[in-house]
Amino acid sequence: MPNCPICDSSLPEVSDRCQTCQTHVGAPNVRLAARAEEQSALTARFNKAIDDAQARGIETVVSDFQRSVQNSVVTVNCDLSFLKDFISRDTTLYANYHQGVRAGTRKAAEEAFDRQRSSVDALMFGSMASEIVFGALSLTCRGLISYGPACMQLREVTIRERASLLEENSYDFVKRHGIRPERCKPYGYISIWSDRDKLAVAKHESSMTTSTTQDDYQGMLLFSDGDRTRDRFIEVHIHRSFDHKAIEKISCKQPTEALGEAIWAVVQDLSGRLGIATETYS
Amino acid sequence: MKALISGRVGRAVVEDERDLVSVVPSFPDRLTSESELAEFVNLGTSLEVVEVNSLAEAAHATAAAKQIEDLLFLTLSSLNPDLTLTSRVACAAYLDDVIDSSVRMKLLNRLLSAPLPPNVRASQRSLLEIITPFPQLDALVQEVFASQEAVETVEGAFAQAIKDILPNRRTEFKAELDHLETYSQLVLAINQGDRDALNRVVVSALFELNKTDLAFSANLVFSTVAAALRRGLRVATRPKRTLDLFGRAEMRGIRSKTSTQATVDDLLASDTENSFSKLSVFETKTNIDKQLEGIRKQILDGRADLVTRYVTDLVRFKLTHSERVHLGKSLCLLATVSLAANQLEMADELSTYAYTLGVEDPYIYNVRAEVLKYSGKFDASIAAYRLSKIKFPDSAYAWNGEADVLKESGRYTEALAAYKTIQNRFSDNPVAFNGYVSTLRKMGSYSAAAREGYKVRSTFKDHPVIEAELGQCLLAIGKPKRAADHFRLALSINPKDTQAFLSLLRALNESGEGETALRQALKRAASEPLNPALQSALATQYRIMGHLERAEQKARELVRAFPGYSPGRYSLAAILLLRGSPITEDQALPTSGLRSESDWRGYRVYLVALLKTSPKESVGEIQNAVKTCPWASIRQSLSTLLGVVLSQNERRSEALQVLQADLSILGNHQKQTRLALIGAINLISNQKQTGRVVLERVMSTKEVHLKTFRDHVLSGASISAPILLPVLLAA
């Protein structure tokens, strides 16, 4: 366990502050991803992927893919009703369930917390689970439409110091690797923000061929057709919440109903006033 | 099962045995994701606890709650002046389609639960303009605004009672009342002056509150509140008299039905498609033409009572012998007659009837937009034209209409872009080409406008409107003789073009050919005795020629012959002003709010009179007029007036600032007046060198019209005379 650079007290893994001198020591999920064991395991997976690529003669394709991922962004999808509320109120934070409960927002939902909050988050994040917000890595402003047609692309500067990445959806990850309380997570599947390209290469190299082109990269990195069970993506974990000022761009699939059209028109206006770019696609 | 529903998030969480299930309106879904609950918890500002028997029932309840949340958001967005017109129209159009009586009540319950913010109430007029073309939404929002006094009464009564009786449980108690929709129901009861309804709401709320541990305190609070509200009921139902220059109150009055209007509505509502006519087509047409002519006469006579009666007859006849679409068109035709007579309330009423027939016809939609434009409700008019464009994309009239409104409101760059788009879309339609020229002229780019005008003229030959527009360009440049030639050409193609004729008179006057203008005016007035605009033109011509007695006589005849034609009254007021006679508000102010360009011209006369009698007091009123006048051309003229009054009040630097502000885009005649004023003020302010240079520039102008201008000022006929007279005499 590392020590505080100021007072030399040992630092708790799940807090962003030294308990002794309250010095900010960085987002705990990022510190976990930056541990030597994680980094060396990830580097080993990455190196193996590069070796495989060379052996298969696709090193150029893989390195081009890696460069693309170096410019990737975090996306968070939601429906238009949620989005209109989120961007029309300065005081609203995008928060996960745990933060809402801890803030005492809704007593009724505590039951939900007690019952449902049994496995995945605790296994993945321990007691800091309550402070993690989820996103998906993408090359463009397109996200998991299974969570809603509107996609918020976050400004890199607002997340890069507090975002870590997991190779896949945490539910699938826990299931695939048989993670249980007494059995630790395998190393090499999470990364810090600046190593997201290595994580992506380690994950996708095996599915690339000589015929893979730039047009295929986005589909490899993120696939979502509206059915959550078929979603494939690299999950981004952001420590604590964000407000609408963290949004760089919003995209939305052209609404087909009049209600959606009207709300989207207003959202575009409100976004324009906030300096947020918008894009409609078909 | 217990469901926690949040309409705002559009989700419910239901306890289904041991599982927790997240329910969205479309389908119940097992809770699988943190973010679902995150949205639910953090954004569900109010969670409703509902007992349900199945997940489907929870989904249904969620859908209803979500719909109201979305509609509430759209309603507020449609009124949000910070949003673009496009999205506000999109919101309003959607709302207008979905608001039925049930949705309306639910929205009212939300909108009446707290007073509107003061800034929203202060901007009521401009906020409402945009939604005027959407009758369902308009009625809803009008009711919300009209209920604000009652909302405050209810809120005030509860606030005081809760403060005295339940100081520690204020939030909890208010949440219960919100949930029961007590506030809004009380507001509606007070607004309707319905004591029984008020009692029913109180009893019902107490019944529900008795199930909670707030029962005892609630009884105390309600007994105090009910007494206060019953007192408020008496106050609220007492009629009030307030001056409403901009006519919202009157508009509301029009919407609240008189018995005759109710008859028209009843006729429309009871109409069935099985009507049976025994008349031939020819007989039907003859009968309808007679009715229309009769109504037209009553419109010009200003007999609103008879118009309504005749329209009722027309509706009855048409519903029996004709189709609804023809009825709609006839009503629109009458609306345009009303516009020509500046009877805007009548035009508004007639076009609204036509609009609410539910006939999908571009003429009906476009006339509705036209009425809004004439009423100075530019945003609403643009919204209406855009709606028409959406419904009838091939209607060039709708496209041009929108561009025209942009032009009239001074949004010139947007207007130019709009006309260009139309030119590409309807390349054989001359209106957009002419509109482009006219916009350039209004922007002050006179030479460019004239060049463009001649280009358009070579494409669309023998077109009276293009000839008239070219005349306007030349007038603005200061070439009245050449302008007169174009107006004559326009009249040779269309002798009935009243606007071209009035412009010809102006060109003749500016060319120093006042006598010719008078002869022409006399001839036309005699040949068309039923055209009030021509009779008014004759009175104006007498005034310009300095024959003030004859001018007054003619204007009085005009007012007697066409009491419903308000420009006639304004014309008389202007003459009385020159004769030094007192002007009453009845003569110079519209009877129902300042809306049309003509109304504003009348108001300007009133302001000049005010300036002469109380120059100090008039400053504020003129400043306000400059700020609020929607018509760009009148705004310019009011700015000149403001410059004069500021100078008279020794506020010369402010006066110079106002006079110089939009100098570059003024027409030649007005520009010379402004320059003369600027020169004179500089001279009076001891800026002799500047003053002399500016005045010399004005005086050295070779155009003939300057002589007319100088004579006009020296005769004391000009509002600028008090400042210019001594200076010009000295010069």
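Residues numbered from 1 in each chain as written. Chains lettered and ligands numbered in written order. Predicted model: local features only at pLDDT ≥ 70, side-chain atom pairs only at ≥ 80, totals over all residues. Heavy atoms only, no water.

Now for the overall build of chain B. What chain B contains, in helices and strands, is 40 helices and 5 strands. The proportion of buried residues among the 731 residues of chain B is 54%. Counted over contacts in chain B with a minimum sequence separation of 6, partners at least 24 positions apart contribute 62%. As presented, chain B carries roughly 32400 Å² of accessible surface, and 53% of it is formed by carbon and sulfur atoms. (Helix = DSSP H or I, 4+ residues; strand = E, 2+ residues; numbered from the N terminus. Buried < 20%, exposed > 50% of the residue type's maximum accessible area, 1.4 Å probe, protein only. Contact = heavy atoms within 4.5 Å. Areas by Shrake-Rupley, 256 points an atom, 1.4 Å probe, with all protein chains shown as cover.)

A separate point is the sheet that holds strand β2 (residues 132-138) of chain A. All names here are of chain A. Pairing is mixed in the open sheet, where 8 strands are placed in the order β5-β4-β6-β2-β1-β3-β7-β8. The sheet is open, and its two edges are formed by β5 (190-192) and β8 (277-281), each paired on a single side. Averaged over neighbouring strand pairs, the angle between their axes works out to 30° when direction is ignored. Here strand β3 (residues 150-154) runs beside strand β7 (residues 247-253); their pairing, made up of 5 bridges, is antiparallel. By the bridge assignment for β7, A150 is matched with C252. (Pairing = 2+ DSSP bridges. Axes fitted to C-alpha atoms, helices over the stretch in contact; angles between N-to-C directions.)

Residues and elements named next belong to chain B. Two elements in contact, helix α31 (residues 566-578) and helix α33 (residues 597-613), have axes separated by 9 Å at closest approach and are oriented at 25°. One way to sum up the angle between α31 and α33 is to call them roughly parallel. Judged by the twist between their axes, the crossing of α31 over α33 is left-handed. The segment α31 lies against α33, with S566, P567, Y570, A573, A574 and L577 engaging S598, D599, G602, V605, V608, A609 and K612. (Parallel < 35°, antiparallel > 145°, perpendicular 65-115°, else oblique. Left-handed = near helix turned anticlockwise from the far one by under 90°.)

Counted according to the given criterion, the structure contains 10 aromatic pairs over all chains. Ring centres of F158(B) and Y183(B) lie 5.2 Å apart, and the angle between their planes is 70°; this geometry places the pair in the edge-to-face category. A residue pair is termed long-range when its members are at least 10 positions apart, and F158(B) in helix α8 (residues 148-165) and Y183(B) in helix α10 (residues 182-191) qualify at 25 residues. Assigned by exposure class, F158(B) and Y183(B) land together as buried. Both rings, one in F433(B) and one in F460(B), keep their centres 5.3 Å apart while their planes meet at 50°; by these two values the pair is tilted. With F433(B) in helix α23 (residues 430-442) and F460(B) in the loop between α24 (446-459) and α25 (464-477), the pair connects residues that are 27 residues apart, well separated along the chain. Each residue in the set W600(B), Y603(B) and Y606(B) is aromatic and connected to the rest through ring pairs, giving one cluster. Over the face of the ring belonging to F73(B) we find K84(A), whose NZ or CZ atom lies 4.9 Å from the ring centre. In this structure, R524(B) is placed above the aromatic ring of F501(B), and the distance from its NZ or CZ to the ring centre is 4.7 Å. (Phe/Tyr/Trp six-rings, centres within 6.5 Å; stacked < 30°, edge-to-face > 60°. Lys NZ or Arg CZ within 6 Å of the ring centre and 35° of its normal.)

Now for the side chain of S170(A). Tracing the sequence through the fold places S170(A) in helix α9 (residues 170-176). The residues contacting S170(A), other than those within four sequence positions of it, are V120(A), M124(A), F134(A) and E235(A).

All names here are of chain B. Taken over all residues, the pLDDT of chain B has a mean of 77, while the share at 70 or more is 78%. No element of chain B has a lower mean pLDDT than helix α13 (residues 248-255), which averages 34, and none a higher one than helix α26 (residues 480-493), which averages 93. Throughout residues 28-35 the model reports pLDDT below 50, and contacts reaching past four residues in sequence, or to other chains, amount to 28 contacts. Across residues 235-262 the pLDDT falls below 50, and counting only partners more than four positions away or on other chains, this stretch makes 48 contacts in the model. Note on the complex model: pTM 0.55, ipTM 0.77. (pLDDT = per-residue confidence, 0-100.)

Here we take up the nonpolar core. In summary, soluble globular proteins display a tendency toward joint burial of nonpolar side chains. Residues and elements named next belong to chain B. The biggest cluster of nonpolar side chains holds 211 residues, and the ones touching the most others in it are F158 and F173. The element contributing the most residues to this core is α33, with 9 residues. Not counting residues up to four positions away in its chain, the partners in contact with F158 are F173, L177, Y183, L186, V221, F222 and V225. I299, C332, A347 and I364 belong to the second largest nonpolar core, which has 31 residues in total. (Core = buried A, V, L, I, M, F, W, Y, C linked by side-chain atoms within 4.5 Å.)

This next bit is on the environment of A403(B). Along the chain, the position of A403(B) falls in helix α21 (residues 396-408). The spacing of A403(B) and I382(B) is 21 residues in sequence and 8.4 Å in space, taken between C-alpha atoms.

Residues and elements named next belong to chain B. With respect to the helices, strands and loops of the structure, E370 is situated in helix α19 (residues 362-374). Expressed as a C-alpha distance, the spacing of E370 and S351, which sit 19 residues apart in the sequence, is 9.4 Å. Each residue touching E370, except ones within four places of it in the same chain, is listed here: L339, Y385 and Y397.

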